[in-house]
Amino acid sequence: MEYFPLVLVGFGNVGKALAQLLLDKKEEINSRYAVDYAVTGIFTGSHGAVVDVTGIDVQKALNAERLEDIQGVKPAGSIDEFIALSGARVLFESIPVNYQDGQPAVDILSQALKKGLHAISANKGPVVHAFDELNALAEAGRVRYFFESAVMDGAPVFGVFRETLPGLNLLSFEGVLNSTTNVILTRMERGDSFDDAVRYTQQIGLAESDPSGDIDGWDAAVKVAALCMVLMGVKLTPQQVLRKGIRSISGDDIRRARSEGKRWKLVCRAQKLGQTVSAVVKPEMVPPTSPFFSVEDSTSIVCFRTDILEELCLVEGNPGPRTTAYGMMADFLNAVR
Ligand SMILES: NC(=O)c1ccc[n+]([C@@H]2O[C@H](COP(=O)([O-])OP(=O)(O)OC[C@H]3O[C@@H](n4cnc5c(N)ncnc54)[C@H](OP(=O)(O)O)[C@@H]3O)[C@@H](O)[C@H]2O)c1
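This text gives an overview of the structure that appears in the document. (Residues numbered from 1 in each chain as written. Predicted model: local features only at pLDDT ≥ 70, side-chain atom pairs only at ≥ 80, totals over all residues. Heavy atoms only, no water.)

### Here's the deal with the sheet that holds strand 5 (residues 118–121)
And then number 1: Pairing in this open sheet of six strands is mixed, and the strands run 3-2-1-4-5-6 from one edge to the other. Whereas interior strands pair on both sides, the edge strands pair on one side only; in this sheet they are strand 3 (49–51) and strand 6 (145–146).
And then number 2: Packed onto the sheet, helix 4 (residues 105–114) meets strand 1 (2–9), strand 4 (90–93), strand 5 and strand 6 and runs at close to 170° relative to strand 4. (Pairing = 2+ DSSP bridges. Helix = DSSP H or I, 4+ residues; strand = E, 2+ residues; numbered from the N terminus. Contact = heavy atoms within 4.5 Å. Axes fitted to C-alpha atoms, helices over the stretch in contact; angles between N-to-C directions.)

What follows is the structure, encoded as structure tokens:
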């Protein structure tokens, strides 16, 4: 049995779901993969940090208000010092996305990779802003930088190309990649006003208190940029994606679509044109013949067109923090097996 001390940087919705999943799956992973692990460090933005090289009591950490209340060393310094103290071999990062430059997650992942840890991230920012640099660090250190959960949570949009589809060229893709806007549009079809639907997504913990990242299409744009970077090899910033959100969709628009037998979806599209990509995120009325028509609530979908497989679609039904956590756990197992 090979043993891996793990650290979690970010202990919010995703970090906590990952901690719970690691607890739930421990015995199964021990016996199926001969892989054992313990969480030896947790680091947050404003809720403290804790290190215990003998293994943190994760259940207590999940129940604690602040990490100061958990037994272990309380590192007061930088992420660097935290990683060194923890003795970890794998770092999981799930801190908020920064659309502009991917920081501070880029620095956190860089530190981990330089110190010889596998870096597993749920964050789109570093993929878009530092994919080449992080990969180079991973290669140099003979470790992995994986980020499956950054787009479509637990669905293997990156892994399927990396592991099982060698030699394919991705020509274009389209999808519904933002859950919050899809829930809002679905709720509006059921009679909610735009504002009520937004409030609902905040109540269920899907949208942030400032939901503009979702509503104005930034989250979808950064996902498109991440897919273009990794699967097409074309560097694109979210700012370069032509972007229109769903703010202007009214109840009348929803009813008009319904009367024509269509539905509004925030559709993402990207097409490779030589060494560049044309990418757009905008609301579209889709007909029943579209694979997006039946994708409702928080379900997401992406359809790839390649030089060999004409259409390959992945659908993820109602994802949430636990499916995101699963993507990270799968990255971990794929990195160490
Ligand atoms: N929620 C999902 O289902 C989902 C799905 C796919 C991808 N993601 C991605 O996963 C990441 C986390 O999402 P989430 O919903 O878990 O966010 P969240 O609930 O807001 O949690 C973020 C965590 O990061 C910590 N943090 C903030 N700044 C930090 C810093 N500079 N250094 C260390 N820790 C820091 C926060 O600590 P404090 O609370 O103490 O500030 C908190 O523990 C995001 O990048 C998101 O885009 C999320």
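### Focus: the state of the cysteines
And then number 1: Scanning the model with the defined rule gives one disulfide in all.
And then number 2: Across the disulfide, cysteine 303 is cross-linked to cysteine 313 (sulfur-sulfur distance 2.1 Å). One disulfide, between cysteine 303 and cysteine 313, carries an S-S torsion of 110° and so falls in the right-handed class. Here cysteine 303 is found in strand 11 (residues 300–306), whereas its partner cysteine 313 is found in strand 12 (residues 312–316), with ten residues between them in sequence.
And then number 3: You can call cysteine 303 buried: its relative accessible area is 4%.
And then number 4: Accessibility expressed as a relative area gives 31% for cysteine 313, which makes it partly exposed.
And then number 5: In this model cysteine 228 remains outside any disulfide bridge; the closest cysteine sulfur is found in cysteine 268, 10 Å from its own. (Disulfide = S-S within 2.5 Å. Buried < 20%, exposed > 50% of the residue type's maximum accessible area, 1.4 Å probe, protein only.)

### Focus on the site of the ligand
And then number 1: With respect to spatial proximity, 24 residues lie near the ligand, and among them Phe11, Val14, Ser46, His47 and Ile95 are the closest.
And then number 2: Within the backbone of serine 46, an N or O atom sits 2.6 Å from an oxygen atom of the ligand.
And then number 3: Between the ligand and the protein, one listed contact pairs an oxygen atom with a side-chain N or O atom of threonine 324 at 3.3 Å.
And then number 4: When isolated, the ligand has an accessible area of 910 Å², and the protein chains bury 74% of it.
And then number 5: For the shell around the ligand, the elements supplying multiple residues, two or more each, are helix 1 (13–33) and helix 12 (321–336).
And then number 6: Taken together, the residues that form the shell around the ligand break down as ten nonpolar, twelve polar and two charged. (Near = heavy atom within 4 Å. Polar contact = N/O pair within 3.5 Å; in protein donor to acceptor, adjacent residues only side chain to side chain. Areas by Shrake-Rupley, 256 points an atom, 1.4 Å probe, with all protein chains shown as cover. Nonpolar A, V, L, I, M, F, W, Y, C, P; charged D, E, K, R; others polar.)

### A word on helix 5 (residues 124–140)
And then number 1: Over its 17 residues, helix 5 runs 22 Å from end to end, which matches the ideal 24 Å to within 8%, given 1.5 Å per residue.
And then number 2: The principal kink in helix 5, of about 95°, is found at alanine 130.
And then number 3: All buried positions along helix 5 are accounted for by Lys124, Gly125, Pro126, Val127, Val128, His129, Ala130, Phe131, Leu134 and Ala138.
And then number 4: Lining the buried residues of helix 5 we find helix 4, strand 6 and helix 10 (218–232).
And then number 5: Sitting at the amino-terminal end of helix 5 is asparagine 123, which places a side-chain oxygen 3.0 Å from the backbone nitrogen of glycine 125.
And then number 6: Of the residues trailing helix 5, arginine 142 is marked for its positive phi of about 55°. (Expected span 1.5 Å × (residues − 1). Bend = angle between axes of the 7 residues up to and from the residue.)

### Some details on the side chain of serine 86
And then number 1: Among the secondary structure elements, serine 86 is positioned in helix 3 (residues 79–86).
And then number 2: According to the relative accessible area criterion, serine 86 is buried, its value standing at 1%.
And then number 3: Apart from residues no more than four positions distant in its own chain, serine 86 is found in contact with Val7, Thr40, Val51 and Val53.

### Points about the sheet that holds strand 9 (residues 263–273)
And then number 1: A sheet is described by the order of its strands in space; here six strands give the open sequence 8-10-9-7-11-12, paired in mixed fashion. Each edge of the sheet is formed by a strand with only one pairing partner; in this case those strands are strand 8 (242–243) and strand 12.
And then number 2: Against the sheet, helix 11 (residues 251–259) makes contact with strand 9 and strand 10 (276–286), and its axis sits at roughly 80° relative to strand 9, the strand it touches most.

### Comments concerning helix 11
Every α-helical turn comprises 3.6 residues, leaving residues that sit three or four positions apart pointing alike.
And then number 1: Among all positions of helix 11, only Asp253, Ile254 and Ala257 are buried. For helix 11, the buried positions fall inside an angular range of 100° around the axis, keeping them on one side. For helix 11, the exposed residues lying more than 90 degrees away from the buried face are Asp252, Arg255 and Ser259.
And then number 2: Along its buried surface, helix 11 packs onto helix 7 (179–189), strand 9 and strand 10.
And then number 3: Note on helix 11: the residue one or two positions beyond its end, glycine 261, has a positive phi of about 75°. (Arc of directions from axis to C-beta.)

### Quick look at the environment of arginine 144
And then number 1: Within the secondary structure, arginine 144 sits in the loop between helix 5 and strand 6.
And then number 2: Counting along the chain gives 24 residues from arginine 144 to isoleucine 120, while the straight-line C-alpha distance between them is 7.8 Å.
And then number 3: Aside from chain neighbours lying at most four places away, what touches arginine 144 is Leu113, His118, Ala119, Ala138 and Ala335.

### Here's the deal with the pattern of salt bridges
And then number 1: Counted by the stated rule, this structure contains 23 salt bridges.
And then number 2: A salt bridge links lysine 124 to aspartate 219; the nearest nitrogen and oxygen atoms lie 3.4 Å apart. With lysine 124 in helix 5 and aspartate 219 in helix 10, the pair connects residues that are 95 residues apart, well separated along the chain. Grouping residues by exposure puts lysine 124 and aspartate 219 together as buried.
And then number 3: For arginine 256, the salt bridge identified is with aspartate 253, shortest N-O distance 3.6 Å. Residue arginine 256 and its partner aspartate 253 are located together in helix 11, separated by three residues, close to a single helical turn.
And then number 4: With relative accessibility at 39%, the residue arginine 256 sits in the partly exposed group.
And then number 5: Through salt bridges with shared partners, one network takes in Glu189, Arg190, Arg263, Glu296 and Asp297. (Salt bridge = Lys/Arg side-chain N within 4 Å of Asp/Glu carboxyl O.)

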